[in-house]
Amino acid sequence: MKIVSCKFNMDTACVELKYSDGTMIAIDIIAVENEVADNMYQRSELDWLIYNAPLEYADLILNGDPEKYLKAVTQYKPLDS
């Protein structure tokens, strides 16, 4: 199957993929963030992908390891009091 379109639907908070055979997949971004993002830096990275590279976001969620990716690309440094 070939992906015909991939876009972020702000009304449903889903990244939607449409395949050449008419099949559609909707990825609920809120559920994904609640499951894999531990802090605001990781959520920010996912948000950047959603708005700027939705196809890469979908590939990461469907075929990759989002937790491993987020640990590799984000750095969390708590503020010392």
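See the structure above.
Residues numbered from 1 in each chain as written. Predicted model: local features only at pLDDT ≥ 70, side-chain atom pairs only at ≥ 80, totals over all residues. Heavy atoms only, no water.

**A look at the packing of helix α1 (residues 29–36) against helix α2 (residues 40–52)**
Then step 1. Taken N-terminus to C-terminus, the directions of α1 and α2 make an angle of 150°; their axes are 10 Å apart at the nearest point. Taken as axis vectors, α1 and α2 run roughly antiparallel relative to one another. Two packed elements cross with a definite hand, and for α1 against α2 that hand is right-handed. Contact with α1, carried on its side by I29, E33, N34 and V36, involves Q42, R43, L46, D47 and I50 of α2 and no other residues of that element.
Then step 2. The residue inventory of the contact of α1 with α2, partitioned by class, reads 4 nonpolar, 2 polar and 3 charged. (Axes fitted to C-alpha atoms, helices over the stretch in contact; angles between N-to-C directions. Helix = DSSP H or I, 4+ residues; strand = E, 2+ residues; numbered from the N terminus. Parallel < 35°, antiparallel > 145°, perpendicular 65-115°, else oblique. Left-handed = near helix turned anticlockwise from the far one by under 90°. Contact = heavy atoms within 4.5 Å. Nonpolar A, V, L, I, M, F, W, Y, C, P; charged D, E, K, R; others polar.)

**Topic: the pairing of strand β2 (residues 14–19)**
Then step 1. Buried residues dominate β2, accounting for 5 of its 6 residues.
Then step 2. By the bridge criterion, 6 bridges tie strand β1 (residues 3–9) to β2 in an arrangement that is antiparallel. Residue pairing for β2: S5 is matched across the bridge by K18.
Then step 3. What sits between the antiparallel neighbours β1 and β2 is a turn of 4 residues, in which A13 has the positive phi angle 60°.
Then step 4. Two elements, β2 and strand β3 (residues 24–28), share 5 bridges in a ladder whose sense is antiparallel. If you follow L17 over to β3, its bridge partner there is I25. (Buried < 20%, exposed > 50% of the residue type's maximum accessible area, 1.4 Å probe, protein only. Pairing = 2+ DSSP bridges.)

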